[in-house]
Amino acid sequence: MYELERSLPPDSELLLDLAIDSWKFARLFSRVLTKLEAGEHNRFANQLLYFQRRIDSTLSAIGARLESLEGLPFEAGMAASPLNLQDFQDGDLLVIDQMLEPIVMGPEGVLRMGTLMLRKV
């Protein structure tokens with residue numbers, strides 16, 4: 001466990017696991033939506049939005065929330081681990097291309113580190 005991460009009761013850890021997997025599934029589902037016709041797209045997009053709100057409200061009940069940093073400049077010390085940092089050289093300007101796992105924040109700080117992919121600006 002990274003030193004920034006805080007601990008939660010075991011039941012809450014299971015909820016965080018489920019929320020992170022749900023976040024990944026929602027991202028995949030949103031990519032599938034782009035392949036649907038407009039009429040079907042809107043109906044399923046609303047169901048996805050409802051699903052995401054349920055995840056957010058459930059996490060809120062234990063004081064947690066999911067954070068994505070996609071598109072932001074990368075800085076050392078962020079609460080996420082880059083998988084491809086070795087592909088770049090010192091001095092390269094990097095942005096967060098994709099979050100593979102979101103950061104989970106609690107009321108007192110980071111509950112779970114995120115995982116991300118970088119790209120050059």
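Above this text sits the structure in question.
Before going into details, it helps to say that this report is about the structure given with it. Computed from a predicted structure; not experimentally measured.

Rules and cut-offs
- Residues numbered from 1 in each chain as written.
- Predicted model: local features only at pLDDT ≥ 70, side-chain atom pairs only at ≥ 80, totals over all residues.
- Heavy atoms only, no water.
- Helix = DSSP H or I, 4+ residues; strand = E, 2+ residues; numbered from the N terminus.
- Buried < 20%, exposed > 50% of the residue type's maximum accessible area, 1.4 Å probe, protein only.
- Contact = heavy atoms within 4.5 Å.
- Areas by Shrake-Rupley, 256 points an atom, 1.4 Å probe, with all protein chains shown as cover.
- Lys, Arg positive; Asp, Glu negative; His and termini not counted.
- Charge placed at Lys NZ, Arg CZ, Asp CG, Glu CD.
- Core = buried A, V, L, I, M, F, W, Y, C linked by side-chain atoms within 4.5 Å.
- Phe/Tyr/Trp six-rings, centres within 6.5 Å; stacked < 30°, edge-to-face > 60°.
- Lys NZ or Arg CZ within 6 Å of the ring centre and 35° of its normal.
- Expected span 1.5 Å × (residues − 1).
- Pairing = 2+ DSSP bridges.
- Axes fitted to C-alpha atoms, helices over the stretch in contact; angles between N-to-C directions.
- Salt bridge = Lys/Arg side-chain N within 4 Å of Asp/Glu carboxyl O.

Another aspect to go through is the overall build of the protein chain. Along the protein chain, the regular secondary structure elements total two helices and six strands. The order of α-helices and β-strands along the protein chain, N terminus first, is α-α-β-β-β-β-β-β. Seen through its principal axes, the protein chain has C-alpha atoms that stretch 50 × 40 × 15 Å. For the protein chain, with 121 residues in total, the buried portion stands at 33%. For the protein chain, the share of sequence-separated contacts (at least 6 apart) that also reach a separation of at least 24 residues comes to 65%. When the accessible area of the protein chain is evaluated, it comes to approximately 8000 Å², of which 54% is carbon and sulfur surface. A distance of 7 Å separates the average location of the 12 positive side-chain charges in the protein chain from that of its 18 negative side-chain charges.

What follows covers the nonpolar core. Judged by nonpolar contacts, the single largest core of 25 residues is most densely connected at L59, I96, M99, I103, V104 and L118. Secondary structure elements with two or more residues in this core: α1 (10–33), α2 (38–61), β3 (94–101), β4 (103–106), β5 (109–112) and β6 (114–120). It is α1 that contributes the most residues to this core, four residues altogether. Beyond its immediate chain neighbours, meaning those up to four positions away, L118 contacts F74, P82, N84, L85, F88, L94, V95, I96 and D97.

With the rule as written, the count across this model stands at two aromatic pairs. Consider the rings of F29 and F44, whose centres lie 6.5 Å apart with planes at 75 degrees: the pair is edge-to-face. Residue F29 is located in helix α1, and its partner F44 is located in helix α2; the two are separated by 15 residues in the primary sequence. Since its relative accessible area comes to 25%, F29 is described here as partly exposed. Grouped by ring-pair contacts, the aromatic residues F25, F29 and F44 constitute a single cluster. Across the ring face of F44, the terminal group of R43 is positioned such that the distance to the ring centre comes to 4.4 Å.

What follows is about α1. Structurally, the α-helix is built with 3.6 residues per turn, so residues lying three or four positions apart point the same way. Its 24 residues place the ends of α1 35 Å apart at the C-alpha level, agreeing with the 34 Å of an ideal helix rising 1.5 Å per residue. Turning to α1, its buried residues number three or more, namely S12, L16, A19, I20, S22, W23, A26, R27 and L33. Where α1 is buried, its residues contact α2, β1 (65–67), β3, β4 and β5.

Turning next to the sheet that holds β5. Taken in spatial order, the three strands of this open sheet run β1-β4-β5, and their pairing is antiparallel. Because the sheet does not close on itself, it has two edges, and the strands there are β1 and β5. Adjacent strand axes in the sheet meet at a mean angle of 45 degrees when their direction is disregarded. Two strands pair when backbone bridges link them, and β1 and β4 are joined in this way by three bridges, in the antiparallel orientation. In the sheet register, E67 faces β4, and the bridge partner there is I103.

Looking now at the pattern of salt bridges. Across all of its chains, the model carries seven salt bridges by this definition. Here K24 ties to E101 by a salt bridge, and the two come within 3.0 Å at their closest N and O atoms. Separated by 77 residues along the polypeptide, K24 in helix α1 and E101 in strand β3 bring together distant segments of the chain. Classification of K24 as partly exposed rests on a relative accessible area of 32%. According to the relative accessible area criterion, E101 is partly exposed, its value standing at 27%. Between E70 and R27 there is a salt bridge whose closest N-O contact spans 2.7 Å. Of this pair, E70 sits in the loop between β1 and β2 (80–82) while R27 sits in helix α1, and the two are 43 residues apart along the sequence.

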